[in-house]
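As a plain string of letters, each chain reads:
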Amino acid sequence: QVQLVESGGGLVQTGGSLRLSCAASGRTFSNVVMGWFRQAPGKEREFVARINWSGGSTYGADSVKGRFTISRDNAKNTVYLQMNSLKAEDTAVYYCAAHSTLVPGTWGSWGQGTQVTVSS
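Let us look at the structure shown here.

Turning our attention to the state of the cysteines. On inspection of all chains with the given rule, the structure shows one disulfide. Across the disulfide, C22 is cross-linked to C96 (sulfur-sulfur distance 2.0 Å). Residues C22 and C96 share a disulfide whose torsion about the S-S bond is about -80°; that sign makes it left-handed. A residue pair is termed long-range when its members are at least 10 positions apart, and C22 in strand 3 (residues 18-26) and C96 in strand 9 (residues 92-99) qualify at 74 residues. Exposure class is identical for C22 and C96. Each is buried.

A large share of strand 9 lies buried, amounting to six of its eight residues. Pairing geometry for strand 4 (residues 33-39) and strand 9, over six bridges, is antiparallel. Along strand 9, the bridge assignment pairs G35 with A97. Direction of pairing for strand 9 relative to strand 11 (residues 114-119): antiparallel, over a ladder of three bridges. The residue bridging A92 from the neighbouring strand is V116, located in strand 11. Bridge count for strand 9 against strand 10 (residues 107-110) is three bridges, and the pairing is antiparallel. Its bridge partner being in strand 10, A98 is matched across the sheet by S109.

Rules used in this analysis
- Residues numbered from 1 in each chain as written.
- Predicted model: local features only at pLDDT ≥ 70, side-chain atom pairs only at ≥ 80, totals over all residues.
- Heavy atoms only, no water.
- Disulfide = S-S within 2.5 Å.
- Helix = DSSP H or I, 4+ residues; strand = E, 2+ residues; numbered from the N terminus.
- Buried < 20%, exposed > 50% of the residue type's maximum accessible area, 1.4 Å probe, protein only.
- Pairing = 2+ DSSP bridges.

Written as structure tokens, this is what we have:
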């Protein structure tokens, strides 16, 4: 129903910045919650941030508060994750996700991921 494609990952030095993009295609309802997750080697996937597609309300994990900002551009069907003051611990594959339109409160669509590597 919804296809998600991430881009913008890469290699950056500690303290640097990156902006990830998530382009959505197919059916995207105005009230669908979108989010970002990440998974580092040997660790489980963890929540990073989420945003309400229609209202723009946001929530971020404690580990990224003050450094990461999630936003969206409905005209472009795109969600962004602006990452500043990057640390080595931010190194991970970052995934875009969308809430399911069939099962309330669950993540139903996932992108393929984009690698973010923070070097010292």
